[in-house]
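# Structural overview
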Amino acid sequence: MQTINGFSSSTSYSRHTLNFLFRVLSVSAKKPHPYSTIFSSSSVHRLQTKRTSAPKNCENPSLKRLTSRIVELTRRKQLHQVFQEIGYAKKRYGKVNTIVMNAVMEACVHCGDVDSALRIFHEMEMPDNCGVDTISFGILLKGLGVARRIDEAFQLIESMERPTVLGNPGMSPEVIYGFFNALIEAGDLRRAHGLLARYRVVLRGGGPSIQMYNLLMKGYINAGCPEDALAVHNEILSKGIKTDRFTYNTLLLACVKSERMDAAMQLYAEMKDEAQKIGSHYLFPDTVTYTTLIKGFGSAKDLHSVLKIVMEMKSLPDLLIDRIAYTAIIDALLSCNSTKSAICIFGELLKRAGGNPKLRPKPHLYLSMMRAFALRGEYSMVKSLHSRMWPDTSGVISTALQAEADELLMEAAITNGQVDVARRILSNIVTKWECVSWTNRGSMAAVRVEALSGFTRSAFTPYLLPQVSLDDPIETIMRPFGEAQPLLVNLDVENVPMRFFKDEVVPIIDEWGSCVGIVHREDCNQLNTSLSSIMRSPPRVTTSTSIGRVIELLLEKKYKMIIIGRPPYEYDGTSGVYRSNLRAVGVFTSKQLFNLAVTESEELEPCIYVQHQHNCE
């Protein structure tokens, strides 16, 4: 590894009413990195108030509430609502201040819409607008870095050197470090070194700082080269630069990544000795320090060291054990096969979470517990965790996590020998999630259930259509169009709300009776919305289309309704010409298809029963 003395280049490393009844919005929160909080939305107002040339309306209580509202919507990733709120504010106040617009830019970056952030930034630069400041540049640089649009970010950096931008704050170490962190996160170490070399004069008199070294070590770790991060420590010592807590925490993470726990314990002892020597409270190990060590010993399956670190954490009265630390402790204990200790810590976490909602565990912790107990076949424990996962966790439980929880419950049942229970769970999984992935852990449990159940009781038995022939035209089994009770196109959702409780999809006709679209229940999100604005183009077939082809469309395209009409042109014997006939004559839905289907096992069971009786006689 090349040293960064003089900021030389280094080798680069490769590397988101009916409103409530029809739709539920999920929210998610993301904890920022310690070195990115300088540009986070939650700190926009705090840092912005330090500006000497703040707009006159920055103390407006309404704008303060608006900023808080935007920050909350940013956390929920409701960017469309953010734009609506800022539009209303501009109509009311005429112009909002830089604090509010910075919050909007942060919302765009947080939601991954960097183009909108650029547009807002250029609007702020206009002479008749609020202007930009250091925070504005920092937010946009972070967004461009995350989006890997590095060339545009460098152009933005260069524009800060020109006093042509309204409110241009000029170059500052905070901006350089923020962009440097974005480059590190993107894994572009070569350009990170180039940034330092070009703007070394701005960075505290031209010399490297401990913040720069900390970020550089983080970059090596993210690039998968923890050994190079450890080598940076030697350079720090040789230059006599004073280290801080983040330095040691980063070095400990490098040791954990390189599986050198002996070196980690040496750094840990050095960290405590240095803190005692200089009497600095800010250098003593914190929760991040202990959490990193616990993760390392958990990966090494060193139960004795894990318990030792946990006891030391609990003996420190000023140390706050947060949710991340509890999760790391439980994961490490499970990795060391100490399930009893994991249950004790898990119970302690739930007890403390009763008085502190911030300690409520995330869904991933429940899944970790369920994986361990499912492997041991402890069905009752997995079932208890499965039932409490939804009411007791904090955060969003995605569809993938829900599916995995169901699969782990099935695995616990089959490992415990409860084949009937496992088969029932598998049937629910197939019905609930429509498919089972054969590339994960749950697929092995499904195979075991199928093997022990026998082919005649399989959850994956194909469906048969004994009443129809797939070669027959769809006209023989279609439902007449009039029975589908189509709605007129000029109606609003509020005129027919109960119709969508009854039917999942409804055909739409114009005033001449021609089918012009279909409306799905999930599209009815606003009562004052017209059916014409939310209807979809209906999939159409002719009456002569085979039943097999219509079924393929329903299953492959996941259509819920297909409109059936006469062939596009019919011969008029009176006039002797072909004329167009677009009027629908029938419909066929997925519900009709499933009403026709029976499983193969249902067809075979009577035959098997008769054969069994014959053998008994």
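Parameters and conventions
For every chain, the first residue of the written sequence is number 1, and numbering continues from 1 onward in sequence order. Only residues with pLDDT of 70 or above have their local features reported here, since the model is predicted, and side-chain atom pairs are shown and tallied only from 80 upward, although totals for entire chains, interfaces and linings are computed over all residues. Side-chain measures here rest on the full set of heavy atoms in the structure, leaving out hydrogens and waters. Two strands make a pair as long as DSSP finds a minimum of two bridges between them. We count a stretch as a helix when DSSP gives it H or I for four or more residues in a row; a strand needs E for two or more, and each element gets its number in order from the N terminus. Helix axes are fitted to C-alpha atoms over the stretch in contact, other axes to C-alpha atoms as well, and angles between N-to-C directions run from 0 to 180 degrees. Any angle from 65 to 115 degrees is called roughly perpendicular, while one under 35 is roughly parallel, one over 145 is roughly antiparallel, and all others are oblique. Here a crossing is called left-handed whenever its near helix is offset anticlockwise from the far helix by less than a right angle, and right-handed whenever the offset is clockwise. By definition in these notes, contact holds between two residues if any of their heavy atoms fall within 4.5 Å. Classes in brief: Ala, Val, Leu, Ile, Met, Phe, Trp, Tyr, Cys and Pro nonpolar; Asp, Glu, Lys and Arg charged; the others, Gly included, polar. Only Phe, Tyr and Trp rings are paired, with Trp represented by its six-membered ring, and only when their centres lie within 6.5 Å; those with planes under 30 degrees apart are stacked, over 60 edge-to-face, the remainder tilted. Under the scheme applied here, a residue whose accessible area is under 20% of the maximum for its type counts as buried, over 50% as exposed, and between as partly exposed, the area being computed with a 1.4 Å probe on protein chains only. UniProt positions are given in the numbering used here, feature names are shortened, and annotations may be inferred rather than shown by experiment.

The name an unreviewed UniProt entry gives the chain is CBS domain-containing protein, with Papaver somniferum as the organism.

Spatial ordering of the open sheet is given by 3-4-5, a layout of three strands whose pairing is mixed. Whereas interior strands pair on both sides, the edge strands pair on one side only; in this sheet they are strand 3 (487-488) and strand 5 (515-520). Both strand 4 (residues 505-509) and strand 5 contribute to a ladder of five bridges, which runs antiparallel. Within strand 5, the residue paired with Val505 across the bridge is His520.

Close contact between helix 17 (residues 323-335) and helix 19 (residues 363-376) brings their axes to 10 Å; oriented N to C, the two are set at 15°. Considering the angle they form, helix 17 stands roughly parallel to helix 19. With respect to the hand of their crossing, helix 17 and helix 19 are arranged in left-handed fashion. Seen from helix 17, the contacting residues are Thr327, Ile330, Asp331 and Leu334; seen from helix 19, they are Leu365, Ser368, Met369 and Ala372. Within the contact of helix 17 with helix 19, the residues separate by chemical class into five nonpolar, two polar and one charged.

Each aromatic ring pair is described using two quantities: the centre-to-centre distance and the angle formed by the ring planes. Across all of its chains, the model carries three aromatic pairs by this definition. Pairing Phe121 with Phe137 gives two aromatic rings, centres 5.1 Å apart and planes at 75°, and the pair type is edge-to-face. Of this pair, Phe121 sits in helix 6 (residues 114-125) while Phe137 is found in helix 7 (residues 134-146), placing the two residues 16 residues apart along the sequence. Phe137 sits in the buried class, given a relative accessible area of 0%. Between Phe346 and Tyr366 the ring centres are 5.3 Å apart and the planes differ by 85°, which places this aromatic pair in the edge-to-face class. Highlighted residues: Phe346 in helix 18 (residues 339-353) and Tyr366 in helix 19, separated in sequence by 20 residues. You'll find Phe346 and Tyr366 in the same group, each marked buried.

Next up on the list: the sheet that holds strand 6 (residues 540-542). In a beta sheet, neighbouring strands pair by backbone hydrogen bonds and run either parallel or antiparallel. Taken together, the four strands give an open sheet; going across it, the order is 2-10-7-6, and neighbouring strands pair in mixed fashion. Each edge of the open sheet carries a strand with a single partner, namely strand 2 (479-480) and strand 6. The pairing of strand 7 (residues 561-565) with strand 10 (residues 584-589) spans five bridges and is antiparallel. Bridge assignment links Gly565 to a residue of strand 10, and that residue is Ala584.

Okay, the pairing of strand 7 next. In terms of burial, strand 7 is largely enclosed, as five of its five residues are buried. As paired elements, strand 6 and strand 7 share three bridges and run parallel to each other. Looking at the pairing, Arg540 lines up with Ile563 of strand 7.

Bringing unusual backbone geometry into the picture now. For Gln485, which is not a glycine, the phi torsion comes out positive at approximately 50°. Mapped onto the secondary structure, Gln485 falls in the loop between strand 2 and strand 3. Residue Gln485 is classed as partly exposed on the basis of its relative accessible area of 41%. Not every positive phi belongs to a glycine, and Lys558 is a case in point at roughly 60°. Mapped onto the elements of the fold, Lys558 is located in the loop between helix 26 (547-556) and strand 7.

Feature annotation in UniProt assigns "repeat: PPR" (unreviewed entry) to the following positions: residues 97-127, 209-243, 244-278 and 286-316. Between the first and last C-alpha atoms of residues 97-127 the distance is 13 Å; the span itself is 81% helix and 0% strand. With 77% helix and 0% strand, residues 209-243 has its two end C-alpha atoms placed 10 Å apart.

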